[in-house]
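Chain by chain, the residues:
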Amino acid sequence: MPDPNPVALDFLLSRRSRPAKTLGRPVPDRDQLEPILRAALRTPDHGKLEPWRLVVLERAALDRLAGLIPACGERLSRQPEDIAKQTAQYADADLAVAVIASPVESPKIPQVEQTLSAGAVCLQLLNAALAAGWGANWLSGWASHDADFARQGLDLAEGEWIAGLIHIGTETSAPPERPRPDLAAKVSWLGA
Ligand SMILES: Cc1cc2nc3c(=O)[nH]c(=O)nc-3n(C[C@H](O)[C@H](O)[C@H](O)COP(=O)(O)O)c2cc1C
């Protein structure tokens, strides 16, 4: 017999992100963040390789990263308004957790499965933060995909990359719900 958890199911059926630019203070302190981080790491991981890790970005670190964006943007020939927008993602944030994909050499587990597991950590972290009552948003941005920015800013090792930045804080205004996928259009049933 199934053993339902209607509260958890209802959460999953109604969960939604809160745009990072609407998040403010307070942000979770270390004690409040710990169960959220613990939940994030409790993620499916084929082969128990743990091909990911988390870096908590506090205010001063976010400022330091914001300071790296202009040079990164110029190197990548980004437009000034694009650079300003990307800088603000870091400069205006109070707390974000970087999910770092740390691929492991494995004869058995393909890299794509390790990548999927890193994405699962991002969603688990996002959902845990939302379930704990915080506003949260999964962001990337062009800087996060730049290997030099990631190495310089977060001291990533060779082969590591930023899978996502989960911004966490207090919701200051409720965003409108966005349209959700049509079940009938997205699901097919194979009976045989
Ligand atoms: C891998 C990934 C990267 C994303 N990066 C950005 C981003 O850089 N900027 C942005 O506005 N939204 C970005 N989004 C979308 C936001 O997370 C968006 O708020 C989210 O899709 C809303 O979904 P939800 O309400 O179901 O949580 C990204 C989503 C994913 C999955």
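Residues numbered from 1 in each chain as written. Predicted model: local features only at pLDDT ≥ 70, side-chain atom pairs only at ≥ 80, totals over all residues.

As recorded by an unreviewed UniProt entry, the protein chain carries the name Putative NAD(P)H nitroreductase and is attributed to Palleronia salina. Quoted verbatim from the Sequence similarities (unreviewed entry) heading of the UniProt record, the comment on the protein chain is "Belongs to the nitroreductase family." (UniProt positions renumbered as here; feature names shortened; annotations may be inferred.)

### Observations concerning the overall build of the protein chain
Helix and strand counts for the protein chain stand at seven helices and five strands. Along the chain direction, N to C, the helices and strands of the protein chain fall in the order α-β-α-β-α-α-β-α-β-α-β-α. Computed over the C-alpha atoms, the radius of gyration of the protein chain is 18 Å, within 12% of the 16 Å expected from 2.2 N^0.38 for a compact globule of 192 residues. Overall size of the protein chain, expressed as C-alpha extent along the three principal axes, is 55 × 45 × 40 Å. Going through the 192 residues of the protein chain one by one, you find that 30% of them count as buried. Excluding contacts between residues fewer than 6 apart, the proportion of contacts in the protein chain whose partners are at least 24 apart in sequence is 84%. (Helix = DSSP H or I, 4+ residues; strand = E, 2+ residues; numbered from the N terminus. Rg over C-alpha atoms; globule rule 2.2 N^0.38 Å. Buried ≥ 20, exposed ≤ 12 C-beta atoms within 10 Å, placed from the backbone. Contact = placed C-beta atoms within 7 Å.)

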